Every structure is written in C-alpha cells, then in structure tokens.
2 protein chains.
Amino acid sequence: MSFTKFSNSQQLIDYISKNSSFFSTDADLVTEEISDGNLNYVYRVKDNQGQSLIVKQTPPYIRVIGEGWPLTQDRLRIEHNSLKLTTERCPEIVPEIYHYDSDSSVILMQDIGDHHNLRELLINRTKLPLLADQLGSFLATMKFYTSGMGIESTDHKALVKNSQNPELCKIHEEVFFWDPFCDHERNDINPLLRETAEKLWADNELKREVAILKRRYMSDTEALLHGDLHTGSVFATSDSCKVIDMEFAFCGPAGFDTGVLLANFLLNYCGQANLPGSEEQRADYQAWLLNTVAALWQSFSQKLSQLMQSHNLDPSLSNASYQQWYLQQLWQDTLGYAGVEMTRRTIGIAHVADLMNIEDPAHRAESEKLSLKIAQMLIVNRREINDSLQLAEQIRAL
Amino acid sequence: MSFTKFSNSQQLIDYISKNSSFFSTDADLVTEEISDGNLNYVYRVKDNQGQSLIVKQTPPYIRVIGEGWPLTQDRLRIEHNSLKLTTERCPEIVPEIYHYDSDSSVILMQDIGDHHNLRELLINRTKLPLLADQLGSFLATMKFYTSGMGIESTDHKALVKNSQNPELCKIHEEVFFWDPFCDHERNDINPLLRETAEKLWADNELKREVAILKRRYMSDTEALLHGDLHTGSVFATSDSCKVIDMEFAFCGPAGFDTGVLLANFLLNYCGQANLPGSEEQRADYQAWLLNTVAALWQSFSQKLSQLMQSHNLDPSLSNASYQQWYLQQLWQDTLGYAGVEMTRRTIGIAHVADLMNIEDPAHRAESEKLSLKIAQMLIVNRREINDSLQLAEQIRAL
C-alpha cells in the first residue's frame with residue numbers, strides 16, 4: 001500500500017468528485033484542514049449551499065511526528081469496521097459514512113460540525129440533560145450485540161479476529177498501564193506533583209491492581225470497544241450526541257470504555273475545582289457532573305440488564321444471579337479503568353485541557369492531586385464501592 | 001478442499017512413500033486402523049524392521065457419525081500448529097511430526113505405541129512418580145510462552161488470531177457448560193443418579209458459578225491451551241510422557257487445561273472407590289492420586305512462578321504481589337473448570353471408563369455421586385480452597 005497525501009485542495013476535490021455524488025457536479029468547493037488529533041489528516045470540504053463533508057486520511061505514520069514514527073494504516077479499516085457495526089445498532093450516535101477506500105486510506109463522512117466537542121462543553125460548564133442516557137444506551141447496546149450474549153459465539157470469534165488492533169493496543173498497554181506507574185521518560189509531570197507521583201510509584205498494592213486490570217485489557221475479548229472513549233471523542237448538541245475516532249477499537253473488556261468515559265467526567269470535576277468562575281458556579285457544575293456519572297451508569301446498566309433478560313442467545317448466561325454478578329464485575333472494572341485513565345491523564349504523556357487550562361501551576365497541582373487521589377481510590381477500593389451513589393459520596397468526601 | 005479418505009492399505013502406503021522418507025524404499029509395509037477417538041481416522045504403518053509411524057486423517061465430518069455431522073477440517077491445522085509450538089518449547093512431551101499436508105488433511109507423526117494411555121494406566125493403578133512433574137512443567141512452560149508475559153503482546157495477538165477454533169470451542173461451550181446443568185436430551189444419566197442430577201439443575205448458585213467460568217472460557221484469550229487435556233489424551237511410560245490430540249486447542253484461560261487434567265485424576269479417584277480390588281489397594285491408589293494432584297499443581301505453579309520472575313517481558317506484570325494474585329486466581333479457575341469437567345463426565349454426553357468400568361449400576365452410582373459432590377464443592381467453594389493440601393483434605397472429608 002503506497003501512500004499519497006492530498007497535497008492541495010484540487011487533489012482533494014478531484015478525489016471527492018470521483019468517489020462520491022455528495023456534491024452537485026457544478027458545486028464550487030472550498031477545503032480546509034481541521035486535523036486536531038495527533039494521528040491523522042482531517043479536512044472539511046464545503047460547497048456554497050452550506051453542504052459539507054469530512055475527509056479523514058490516515059498516513060502510515062503519526063501525523064504530528066512524521067515518518068519517523070510509523071503507524072499501521074490498518075487503523076482506518078478498524079475505524080470503518082466499528083463505524084459500520086455501530087451504524088447497524090445505533091445509527092444516531094455516529095457520523096454517516098459516504099465512502100471508504102482502503103487503498104488511499106480515506107474515509108468520507110458526515111460533517112458533524114454543528115455538534116461541539118464534549119470536553120470543551122464540559123470545561124465551559126454546559127449542562128446536557130440527555131447526554132448520560134444517550135451515551136449509556138449506546139454503550140450497552142454495542143456491548144451486548146458484540147459479545148457472546150447478543151451474537152452467536154462463532155460470530156463473536158469472527159468479530160474478535162476481524163477487530164484485532166495489536167499496534168494501537170500496544171500503545172495503550174504502555175501509556176495507560178505502565179508509563180504513569182513508574183518514572184518513565186514519556187511522562188509529563190507538573191514539578192509540584194513530583195512527590196505525589198513518587199509515592200504512587202512506590203505503592204505496590206496500587207501497581208498490583210493496575211496489573212490485574214492490564215491483564216484483562218490484554219486478553220479479555222468480550223465485546224467490541226471504542227477503545228479511546230474520552231470526552232474529546234464525543235460531540236454533542238442539546239439534543240444529539242455523536243461518537244467519533246474509533247481507530248483504537250478492539251474486542252476487549254467492556255468496562256474499559258465505560259471507565260475511560262467516566263474518568264473524563266471526573267477529570268473535569270477535578271479541573272472545575274480550579275477553573276475560573278465563582279465558587280457557586282463551580283460547585284453547581286461539579287454536582288451536575290457527579291449526577292451525570294451516576295445517570296450514565298444507571299442508563300448503561302439498565303439497558304444492558306434489559307438486553308440480557310430479553311435478547312440473550314446463550315441460555316447458560318441467562319441466570320439472573322449470574323447477570324447480577326456480571327454487572328457488579330463490570331462496575332468494578334469500570335471504576336478500575338477510570339482510575340487508570342485519570343492517572344495517565346494527570347502524569348502520563350497525554351494531558352487533558354480540563355486540567356491544563358488551569359493556568360497557575362499551584363492551582364493546577366491542587367486539581368491534579370485531587371485527580372490522583374480519586375484515581376487511587378477507584379483502582380484500589382473498587383471492590384468496596386457498591387454503586388454510583390456511593391461513588392459520588394466518596395468523591396465528595398475526598 | 002475435497003476430501004479423499006484412504007480406502008485401502010496401498011493408498012496409505014503410496015501416500016507415505018510419496019511424502020516421507022521415514023521408511024526405506026524397499027520396506028515391506030503393513031497398515032492397521034487404530035482410530036479410537038470419535039473424530040478422526042488414525043492408522044499405524046509398520047515395516048518388518050520394527051519401525052512404525054502414525055497417520056492421522058481428519059474427514060470433514062465426525063468419523064463415528066459420518067457425513068451427517070459435518071465438522072471443520074481446520075481442526076488439523078489447529079492441531080499441527082499446537083504440536084509445532086509445543087515442539088519448540090517442550091519437544092519431549094509431543095510426538096515428532098514427520099509431515100503435514102492441509103490439502104489431504106493428513107499428519108504423519110511419531111508412533112508412541114510404546115507409551116500407554118494414561119486413563120488405562122490409572123484404572124490399572126499404575127504409579128508414575130515422574131508424571132506430575134512432567135505434566136506440570138509442560139503446562140507452565142506452554143502457558144507462559146504463549147501469553148503476553150512470555151511473548152510480545154503483538155505476537156500474542158497474532159497467536160490468538162491464528163489459533164481461533166470457533167467450531168470446536170462451540171461444541172465445548174455446549175457439552176461442558178450447558179448440557180450437564182439442565183435436563184438436556186444429549187445427557188446420559190445413570191437412572192439411579194436422576195434425583196441427584198435434578199437437584200443439581202435446580203441449584204442456581206452452582207449455575208451462576210458455571211456461567212462465570214463459561215464467560216471466561218468464551219472470551220479470555222490469555223494462553224494457548226490444549227483444550228481437551230483429559231487422561232485419554234496423555235500417554236506415558238515409567239519415565240516418559242506424551243500429550244496428543246490437540247485439535248481442541250485455542251487461546252483461552254490457562255486454568256481450563258489444568259482444571260480438566262486435575263478433574264480426570266479425581267474422576268479416577270471416584271472410580272477407585274468401586275473398581276475391583278482390595279480396599280487397601282484402592283485406598284492406597286486414591287492416596288497416590290491426591291498426592292499426584294498436589295504434586296502436579298506444585299510443579300506447575302513453581303515453574304510458572306520461576307518463569308514469571310525470570311523471563312517476564314512486561315515489566316508491569318512483574319510485580320510480586322500481582323504474580324501471587326495471578327496464581328491464586330489460576331488455582332481457583334483450575335478448581336472451577338475441574339468441577340465442570342467432572343460434572344459433564346458423570347452426567348453429560350461423554351462418560352469416562354474410570355466410572356463406566358464399574359459394572360454394577362448401584363456401585364457405579366455411588367462413585368458418580370461422589371464425583372458430583374466433589375464437582376459441586378470445586379465449583380461453588382473454589383474461592384475458599386487455598387491450596388492443593390487443603391483440597392486433598394476436603395476431598396477426603398466428603
């Protein structure tokens with residue numbers, strides 16, 4: 001597979017005309033590069049009638065670094081595969097795909113530019129009353145219908161095979177589960193946090209629990225995951241919600257997706273303690289965040305319970321007491337993976353704006369310390385936190 | 001792939017001459033069919049110098065049933081792949097492969113006819129002092145070097161993909177984890193055991209635990225397993241031990257192999273209570289069996305610990321406290337899967353000679369009831385049995 005990057009607008013426009021009938025043939029098209037992740041080239045192409053689409057192209061390397069850091073282009077196949085499967089079950093939660101071309105490593109898809117990035121919405125204290133239910137329902141549906149409960153076990157195994165994503169999983173095995181738990185050169189640590197980080201690196205109980213979570217991340221293939229479901233991968237309006245960037249998708253433990261998502265709400269919670277605004281505004285929004293976390297889990301677990309009771313293909317997994325155990329296990333995994341995501345977003349290589357937007361390093365360190373405290377509680381005490389209400393209580397008490 | 005069964009000796013001999021230089025060209029060869037499993041055709045071919053080899057051919061159906069029950073021939077690729085990987089790490093534990101031919105679905109391999117089937121050896125109360133260590137060491141080595149601890153995680157994922165065995169796994173998902181736990185038409189139950197079986201089918205706690213074990217069987221891919229490691233798949237002499245029949249191999253939870261093996265020693269233990277012989281002979285052999293189970297676990301866990309400490313490629317899985325947790329988890333899985341295997345061998349579709357050789361149905365029922373009692377204890381109480389000594393104590397107390 002040889003790679004040719006679109007080197008000017010005309011090439012992009014020619015490609016679209018040749019491969020899609022989205023625009024009328026005489027449309028006057030304008031292109032703009034809007035790449036904001038680290039890995040890919042992303043463009044918006046518009047006509048003068050207000051119609052637009054998105055072009056995503058994956059180079060055989062990491063975009064922000066260049067050819068010096070090669071990265072499999074298979075990530076676009078993975079993303080396309082996951083988008084397609086999600087479209088079958090939850091069409092409203094993903095952009096529409098117009099064209100996929102593995103030779104040129106290009107996807108043409110719906111422009112969701114009317115939606116806003118959820119991380120920014122949270123930083124700006126936007127309340128979205130439908131969000132928890134939209135995300136909970138999406139996660140439960142996809143989890144169920146890509147696991148051995150919702151599809152035949154032979155189909156599940158075919159999905160596991162087709163969704164293998166070893167290179168991108170390997171990145172996460174390192175940056176989630178190793179770097180932040182030792183003095184790794186890739187880490188990026190606020191100097192005021194150094195002492196706290198050093199204590200963390202010496203905590204063998206914490207490291208054992210992270211290893212337990214990592215073991216499951218590496219070998220459990222129960223359901224197709226988004227694989228990187230932070231709030232930067234979610235776009236929303238007051239009544240709609242879209243999930244993008246599925247290139248880290250793979251069949252893994254379901255609690256990884258719910259955990260990463262939950263963690264990003266909690267990272268915002270920690271940020272809110274020191275982001276600008278009155279104390280009342282911040283406290284009010286923190287309360288909304290904890291309620292949203294609880295509502296998300298409620299929506300997710302209720303929908304999943306419903307599906308397990310009504311659409312389970314495997315009679316031996318229909319035992320009510322098993323399903324109760326299963327949800328409890330999933331909740332504990334969720335808390336554990338949330339703790340790992342919070343740790344890596346605080347002292348690892350990839351920080352989040354929810355904390356980084358706090359300009360004063362001392363104030364930022366306060367929020368960062370809160371994040372590490374919550375993370376540690378989630379990882380080490382996850383088996384003692386019974387439900388989302390108790391979780392909220394324990395976070396408030398820190 | 002069209003299938004042509006060897007329909008006479010000459011075809012078999014021609015095939016061997018064409019594909020192997022094992023025999024001298026002027027050798028006078030004699031063939032005999034020795035198929036004794038359910039699935040495949042197996043032949044021994046000998047010359048008049050005492051040299052011999054084994055021919056295994058897999059038809060696209062179950063041999064004992066015929067074309068009416070199709071079965072993937074991919075099982076021979078799976079077996080060959082596992083034999084090859086085992087040869088790399090534990091050459092002494094598998095027959096040597098002389099030739100593999102996926103088009104004709106044929107393997108030519110070493111004749112291990114000087115070894116005896118372990119199930120028969122146990123029924124005849126043979127003591128094999130080296131056996132526990134040979135099997136424990138084999139299991140630990142293969143488990144380690146096919147998991148994300150002993151090989152790179154990307155290589156592990158390639159192995160998972162290459163070792164997928166959906167059709168044969170599906171058979172085990174049903175006959176291990178479902179049939180024996182409900183009133184399934186495939187079950188085969190001693191009428192004197194019917195009441196006991198009915199109680200078992202009403203035991204929701206037991207069924208929950210079986211579902212937990214099944215969930216892991218279906219989705220955990222941590223290591224390459226033999227997949228059907230009962231004592232009929234092991235052949236031994238006083239100083240050597242060979243493992244065959246790897247067509248059920250797949251990447252699954254390591255405790256499944258250790259559990260199935262342990263179960264088959266315990267099934268023999270139950271059989272010994274009512275097989276012919278003096279009380280002293282039987283008691284003496286039962287004691288040897290429990291010692292062997294303990295020695296097998298000791299050998300397995302010590303070898304695995306050693307490898308985890310000295311050859312672990314993943315520093316985040318090197319934490320001593322994690323490794324201790326991991327072995328404990330593996331022990332509990334082993335007990336759980338052992339309980340499932342004992343149940344299915346007692347009331348499911350595939351019985352074992354250790355129990356079936358007891359001619360009197362009432363005496364057989366006694367041994368079968370003991371088997372179900374031990375099985376239930378292993379499944380439900382596995383988290384409370386700390387080690388192999390405590391296991392032996394609890395079994396003796398039943």
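Cut-offs and rules
Position numbers for residues count from 1 along each chain, tracking the sequence in the order it is written. To label them, take the chains in the order written and letter them from A, then take the ligands in the order written and number them from 1. For this predicted model, a pLDDT threshold of at least 70 governs which residues receive local features, and a threshold of 80 or more governs which side-chain atom pairs are given and counted, while totals over whole chains, interfaces and linings are taken from all residues. Hydrogens and water are ignored here; the side-chain numbers use all heavy atoms of the structure. UniProt positions are given in the numbering used here, feature names are shortened, and annotations may be inferred rather than shown by experiment. Counting from the N terminus, the helices are the DSSP runs of H or I reaching at least four residues and the strands are the DSSP runs of E reaching at least two. Definition of a polar contact: a pair of N or O atoms within 3.5 Å, with one able to donate and the other able to accept a hydrogen when the atoms are protein atoms, and with sequence-neighbouring residues admitted only if both atoms are side-chain atoms. To estimate the expected span of a helix, count its residues, drop one, and scale the result by 1.5 Å. Using a 1.4 Å probe on the protein chains alone, a residue whose accessible area is under 20% of its type maximum counts as buried, one over 50% counts as exposed, and one in between counts as partly exposed. Two strands qualify as a pair provided that DSSP identifies no fewer than 2 bridges between them. The axes are straight lines fitted to the C-alpha atoms, using for helices just the contacting stretch, and the angles between their N-to-C directions are given from 0 to 180°. Note on definitions: a residue-residue contact is assigned when non-hydrogen atoms from the two residues lie within 4.5 Å. Gly is placed with the polar residues, together with every amino acid not listed as nonpolar (Ala, Val, Leu, Ile, Met, Phe, Trp, Tyr, Cys and Pro) or charged (Asp, Glu, Lys and Arg). Should the near helix be turned anticlockwise from the far one by less than a right angle, the crossing is left-handed, and should it be turned clockwise, the crossing is right-handed. Only residues with pLDDT of at least 70 in both copies count here: their C-alpha atoms drive the least-squares fit that superposes the copies. Stacked, tilted and edge-to-face are the three classes assigned to paired rings of Phe, Tyr and Trp, where Trp is represented by its six-membered ring and a pair needs centres within 6.5 Å; plane angles under 30 degrees give stacked, over 60 edge-to-face, the rest tilted. An automatic or database domain assignment supplies the start and end points of every domain. Note: buried area is the sum, over both parts, of the accessible area (probe 1.4 Å) each one loses when the two are combined. What makes a salt bridge here is a side-chain nitrogen of Lys or Arg within 4 Å of a carboxyl oxygen of Asp or Glu, nothing more.

- As recorded in an unreviewed UniProt entry, chain A goes by S-methyl-5-thioribose kinase and comes from Amphritea balenae.
- According to the UniProt record, the Sequence similarities (unreviewed entry) comment for chain A is "Belongs to the methylthioribose kinase family."
- Looking at chain A in UniProt, the text filed under Subunit (unreviewed entry) is "Homodimer."

### Description of the side chain of B:Arg215
Thinking step 1. When you line up the elements, B:Arg215 lands in helix 8 (residues 204-219).
Thinking step 2. Within the structure, B:Arg215 has its side chain in polar contact with the side chain of A:Asp220 (distance 2.9 Å).

### Comments concerning helix 9 (residues 255-272) of chain B
Every α-helix winds through 3.6 residues per turn, so residues three or four apart in the chain are directed the same way.
Thinking step 1. With 18 residues, helix 9 of chain B extends 25 Å between its outermost C-alpha atoms, agreeing within 8% with the 26 Å of an ideal straight helix rising 1.5 Å per residue.
Thinking step 2. Burial within helix 9 of chain B is extensive, with 18 of its 18 residues counted as buried.

### Examining the sheet that holds strand 7 (residues 106-110) of chain A
Residue and element names in this part refer to chain A.
Thinking step 1. One open sheet accounts for five strands, arranged 1-2-3-7-6; its pairing is antiparallel. The two strands at the open ends of the sheet, each matched to only one other strand, are strand 1 (30-33) and strand 6 (97-101). When strand polarity is set aside, the average angle formed by the axes of neighbouring strands in this sheet is 20°.
Thinking step 2. As paired strands, strand 3 (residues 52-57) and strand 7 are joined by five bridges and run antiparallel to one another. Bridge pairing in strand 7 links Leu53 to Gln110.

### Observations regarding the interface of chain B and chain A
Thinking step 1. Facing 39 residues of chain B, the contacting portion of chain A comprises 39 residues.
Thinking step 2. For the interface between chain B and chain A, the tally reads 22 residue pairs in polar contact (both at pLDDT 80 or more).
Thinking step 3. Element by element, the count of residues in the side of chain B that touches chain A is highest for helix 8 of chain B, at 10 residues.
Thinking step 4. In terms of residue class, the side of chain B that touches chain A is built from 14 nonpolar, 11 polar and 14 charged.

### Quick notes on the packing of helix 8 (residues 204-219) of chain A against helix 13 (residues 361-380) of chain A
Residue and element names in this part refer to chain A.
Thinking step 1. Running from N to C, helix 8 and helix 13 cross one another at 65°; their axes reach a closest spacing of 9 Å. By crossing handedness, the relation of helix 8 to helix 13 is classed as left-handed. Facing Glu205, Leu206, Glu209, Val210 and Leu213 of helix 8, the residues of helix 13 in contact are Gln376, Ile379 and Val380.

### Let's talk about the UniProt feature "domain: Aminoglycoside phosphotransferase" (unreviewed entry) in chain A
Thinking step 1. Sites flagged by UniProt as "domain: Aminoglycoside phosphotransferase" (unreviewed entry) map to residues 32-268 of chain A.
Thinking step 2. Span residues 32-268 of chain A is 40% helix and 19% strand, its end C-alpha atoms 30 Å apart.

### A word on the relation of the copies chain B and chain A
Thinking step 1. With an RMSD of 0.0 Å, the operation that places chain B on chain A is a rotation of 180° combined with a shift of 0.0 Å along the axis. Here the copies are linked by what is in effect a two-fold axis. Closest approach to the rotation axis among the C-alpha atoms of chain B is made by B:Asp220, whose C-alpha sits 2.2 Å away.
Thinking step 2. By residue overlap, the copies meet face to face through one surface: 100% of the interface positions of chain B are interface positions in chain A.

### Thoughts on the packing of aromatic side chains
Residue and element names in this part refer to chain A.
Thinking step 1. Evaluation of the coordinates by the stated rule reveals 38 aromatic pairs over all chains.
Thinking step 2. A ring pair is formed by Phe6 and Tyr15, whose centres lie 5.4 Å apart and whose planes are at 65°; its orientation type is edge-to-face. For the pair Phe6 and Tyr15, a shared accessibility class is recorded, and that class is buried.
Thinking step 3. Pairwise contacts between aromatic rings join Phe176, Phe177, Tyr217, Phe250, Phe256 and Tyr337 into one cluster.

### Side note on the domain arrangement of chain A
Residues and elements named next belong to chain A.
Thinking step 1. Along its sequence, chain A is carved into domain 1 (9-110) and domain 2 (116-397).
Thinking step 2. Just the C-alpha atoms count here: the centres of domain 1 and domain 2 sit 27 Å apart.
Thinking step 3. Counting from both sides, the interface comprises 22 residues of domain 1 and, opposite them, 23 residues of domain 2.
Thinking step 4. Taking both partners together, domain 1 and domain 2 bury about 2,000 Å²; carbon and sulfur atoms supply 61% of that area.
Thinking step 5. For Asp245, the salt bridge is made with Lys56, and the minimal N-O distance between the two is 2.8 Å.
Thinking step 6. Where domain 1 touches domain 2, the interface holds seven residue pairs in polar contact (both at pLDDT 80 or more).

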